[in-house]
Amino acid sequence: MIVETGHYALVLALAVALLSSVLPVIGARRNDAGMMAFASTASVALFGLVLLSFSALTWAYEASDFSVKNVWENSHSAMPAIFRFSAVWGNHEGSMMLWLLILTFFSLLVAVFGRNLPESLKANTLAVQAWMAVAFILFILLTSNPFLRLDVVPAEGQDLNPILQDVGLAIHPPLLYLGYVGFSVSFSFAIAALIDGRLDAAWARWVRPWTLAAWTFLTAGIAMGSYWAYYELGWGGWWFWDPVENASLMPWLAGTALLHSAIVMEKREALKIWTVLLAIIAFSLSLLGTFLVRSGVLTSVHSFATDPSRGVFILGILTLFIGGAFTLFAIRAPALKSGGLFAPISREGALVLNNLVLTVSMASVLIGTLYPLVLETLTGNKISVGAPFFNLTFGLLMVPLLIATPFGPMLAWKRGDLLGAFQRLYVAAGLALVAGLVFFYLDEGGPILAVLGLAAGFYLIFGAIADLWYRSGFGKAATGIAWKRLIGLPRSAFGTALGHAGLGITVLGVIAVSTFQTEHVTEMKPGETADAGGYHLVFDGMNSMKGPNFTEQRAHFSISRDGQKVREVWSSKRLYTARRMPTTEAGIATFGASQLYVALGDPMADGGIVVRIWWKPSVLFIWFGALFMMAGGVISLTDRRLRVGAPARRAKKMPTPALEAAE
Amino acid sequence: MLFWIIIAVLTALVAALLLAPLMRAPKVVEEETSGEAEVYKDQLKEIDRDLAGGLINAQEAENARAEIGRRLIAVSAQSARSTAAGQTLAHRIAQVLVIALIPAVGLGAYLYLGSPGNPDQPLEARLANPGNNMELLVAKAERYLADNPDDGKGWDILAPIYLRSGRLGDAELAWRNAMRLQGVTAERVIGLGETLVQNNQGIVTEDARAAFQEGARLDPKNPRARFYLALAIEQAGRRDEAKAAFEAFSKESPADAPWQPLLKDHIAANSGDAPPAAPGNPSAADVQAASGMSAGDRQQMIRSMVEGLDAKLKDNPKNFEGWMRLVRSYAMLGEKDKANAALTTSLENFPATGQEGAQLVTLGRDLGLDVEGATK
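From a predicted model like this one, the values you see are computed outputs, not experimental measurements. Along each chain, the written sequence defines residue order, and numbers are assigned to residues from 1. Whichever chain is written first is A, and whichever ligand is written first is 1; the rest continue in order. Only residues with pLDDT of at least 70 are given local features in this predicted model, and only at 80 or more are side-chain atom pairs given and counted; all residues enter the totals for whole chains, interfaces and linings. No hydrogens and no water enter the side-chain calculation; it runs on all heavy atoms of the structure.

Caption draft 1: Molecular detail of the interface of chain B and chain A. Contact with chain B, which involves 68 residues of that partner, is made by 72 residues of chain A. When the two sides are added together, the surface that chain B and chain A hide from each other amounts to roughly 6,100 Å², 58% of it contributed by carbon and sulfur. In what follows, salt bridge is the name for a side-chain nitrogen of Lys or Arg lying within 4 Å of a carboxyl oxygen of Asp or Glu. Inspection of the chain B/chain A interface yields zero salt bridges. In protein, a polar contact means a hydrogen-donor-capable atom and an acceptor-capable atom, both N or O and within 3.5 Å, with residues adjacent in sequence counting only if both atoms are side-chain atoms; elsewhere, any N or O pair within 3.5 Å suffices. Linking chain B with chain A are 17 residue pairs in polar contact (both at pLDDT 80 or more), by the criterion used here. Strands are runs of DSSP state E lasting at least two residues, helices are runs of H or I lasting at least four, and both sets are numbered from the N terminus onward. Within the residue set of the side of chain B that touches chain A, elements represented by two or more residues are helix 1 (2-23), helix 2 (34-52), helix 3 (58-77), helix 4 (87-113), helix 5 (123-128) and helix 6 (134-147) of chain B. Looking at the side of chain B that touches chain A, the element that brings in the most residues is helix 4 of chain B, giving 14 residues. For this scheme, ten residues count as nonpolar: Ala, Val, Leu, Ile, Met, Phe, Trp, Tyr, Cys and Pro. Four count as charged, namely Asp, Glu, Lys and Arg, and the remainder, Gly too, count as polar. Taken together, the residues that form the side of chain B that touches chain A break down as 33 nonpolar, 18 polar and 17 charged. Here a residue-residue contact requires only that any non-hydrogen atoms of the pair lie within 4.5 Å. By buried area we mean how much accessible surface two parts lose on assembly, using a 1.4 Å probe and totalling the loss over both.

Structure, rendered in structure tokens:
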């Protein structure tokens, strides 16, 4: 009964979404307050129904109700409760439900927190959100219904894919989807503005918190996914230029560009058309990302859907939304007034450079990801575009971006003083070079280019600090006043600094790990030893363990340095019994930001086992940087400027018509 | 009933919620510019702050103020579009849409897609009350054994069930556990041997042969052990020895023993120039012969063979020979229902219009099965 109620709630949600995609648009055309208010009410109802439906499915997973086909296919009663829970979205149908839940959640947020928005913009935005809800509910009900029942109810489920039985999976997809779907709000705002024909600086400010939130979640999702792949797949890499990873990187690049161009639009009313285009592109790439993972066209380590008929449906959704958005854009964009002028060397100019580099690098990733697909479709040849292509194109493109990033915040709007900015930055650049050299000599070895890379990382960090330093007037004004000014700086200034510094920290991690990491592949027998990164490993032996739904062979290693035992790790190979599927659980010992990574290979006939040992210096910096960027996003979100306009709307809440008219 | 009440309440609630904004008095919204104006006013304040903080100079501040001022003017100059007439009618139509569409789409699509009345079946509740569901009983026993892995009796019960249902890996583990905990008996060790043979496509491997040997030592009269031991010799290609073993077995068995025809086949196969029968699933002849064994042996041997075949065909239904054998076996056992069921399933895989289907139909007619029912 719970399951069937959930199914019914989903069907009812379709009805609500259908109404909500039509009535508010009519209301906005006719300035009809009731019909526009319908959008908010319907968004609340829609979220409630989808939540009810999602909860029913979750209940079926928790209770191991194998009369539900989806539960039987992806769960097992012996799985720990946390994985029975995360298994809800560890499969195609459930992950689409999560997508839908987050979509309606964002609609709810717009309905509740969008009080300062003009009614017509809000109504149209929510209607566009409802169009997407209709498309996805139909997709779920017709091709991927998780509520289908089995007539003959099995006693046991088929278990969840073992590599997905991990805490990382419990967190990664929801974060990634919060990012992907978050861009749907920017997209809906863009479409609503195009329908309305009203696009001004205020629009950019209204969209910014949504873009920021989506960007922050996407940053978190990508970082989480990268770390999960790093420790779960046992290959020791943190980024594989895998199509699924690229699929999440592309909206991130577009979203980063959008975040920056929206600032120009907000401040100077310039780049309007470009910003709207970026909003459309960012969400289109999010949809494409969903499509790439879901259709199973791509062979990838973590895609779990393989059904071409669904792909056709998603292709329809893609064509409808992306094609429709670009058509509307093509019709409306020429009519938009262009905004303020600016000199090439100015804050605007720097942000244009940022956008240029980000979009070009995004295009290079897009080409590298899609080209093999297109080629295979047309000629049947399978080629793979791997790391060399991306490292060359993406890597080279990033260099000017890294150099230019600290300049941006230091240039004035409209007409900047490059020399002045340069003077302020050369201290940072000098310090960075010294720090890069120090780092280099501490770790020794490695090509000279690494020094420049490390210096670039430090330069970003010091540049971010320098920005805050000069803004507060340290050195010019008295220290006490400078401190006061620093505290008084807008939150977004701290967000900028944290974001840019985070990028620097990630660059440090990437450069350090790709130049200084060492890899040993040896065969070891109990009692044998190996050395890596200045540490001494002793292979103590193997034993067998039994988990709730797997058996494992664990190897124990003692790690010592200078004769002192410092750490011990277990590295294991698991066999998940229900699917007879093996996985590798790497043993990882963390020393500061560096890690010793031990993975087991195949056992040899003579009783030894192949052991792969990596020394990964400063590897955690890669994800620390992402944490900094996320912190920057969160702090920017709390900037009071993003809440402007709310007080005026509160006055309108009063029921007397006189006050309404006063607006 | 409760389900339909819940659905009715849910539908009514949603419809009522959606009707609320449409029931209010019609109202035209003036073109709002307050939101925009507020943003621009805030930008003006920001310039003051930046100027005070020394981030921009007076000239820049002046320019920026002028620019924002122009935006403010542009905003307030926008004329209000308004269309007052016809709202009451529009709201009426919208209300009708809500009242009609919500239940129509909701119920219509649900009745098409859903399974109304299909109860929830959480595993715990099903395990608490398994009824006659073999799978659940097994699952229950498995859970019990997971907590009490040293209960030999449990393994003893599960082992033959696993063997019959074709879960051979589990069966092997269960036999071994039962022997570890309850001691080695002829029944258990021979069961293990049969499991190993089935798991190796009918070939008596070295492990299996050792098991049968142990079984024969414990129970020298056990016909299954003797048969498989002789079969092992045959499969090893030592035809003379195999013939001698089958002959000795035949001689020591009662003349009317039901496995005599089977032994005769093997004796014949190992005499003269005829090549030995290829190892494979138990042939129909094996089953037929075994059907005359003593009551206990018959139960075990035939059931394990036929149901093992049945389970295999479920996994791999495109085996025409297998289906012929299964249908015939069930008919021979007098299990008419199962024979009919097997015939129906086999005809689903090999339609009666095809050549193989026609053979199945002929076989069904010969055996007096319900061919008309099966081809429907």
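This is not the end of the story, as more comes after the structure.
Caption draft 2: Representation of unusual backbone geometry. All names here are of chain A. Not every positive phi belongs to a glycine, and D159 is a case in point at roughly 75°. In this structure, D159 sits in the loop between helix 6 (119-143) and helix 7 (167-196). For each residue, the accessible area found with a 1.4 Å probe, counting protein chains only, is set against the maximum for its type, and the residue is called buried under 20%, exposed over 50%, and partly exposed in between. Looking at D159, the relative accessible area reads 0%, which means it is buried. In the Ramachandran plot, S618 falls in the positive-phi region, its phi being about 55° despite a non-glycine side chain. With respect to the element layout, S618 can be found in the loop between strand 9 (609-616) and helix 19 (621-637). The buried category is assigned to S618, whose relative accessible area is 8%.

Caption draft 3: Spotlight on the pairing of strand 4 (residues 550-561) of chain A. Residues and elements named next belong to chain A. Taken across its twelve residues, strand 4 has nine buried, putting it largely inside the fold. Strand pairing is defined by DSSP finding a minimum of two bridges between the two strands. The pairing of strand 3 (residues 535-546) with strand 4 spans ten bridges and is classified as antiparallel. From the neighbouring strand, F539 faces strand 4, where its bridge partner is F557. Between strand 3 and strand 4, which pair antiparallel one after the other, the connecting turn spans three residues. Bridge count for strand 4 against strand 5 (residues 564-576) is twelve bridges, and the pairing is antiparallel. Paired with S560 across the two strands is K565, which belongs to strand 5. What sits between the antiparallel neighbours strand 4 and strand 5 is a turn of two residues, in which D562 has the positive phi angle 50°.

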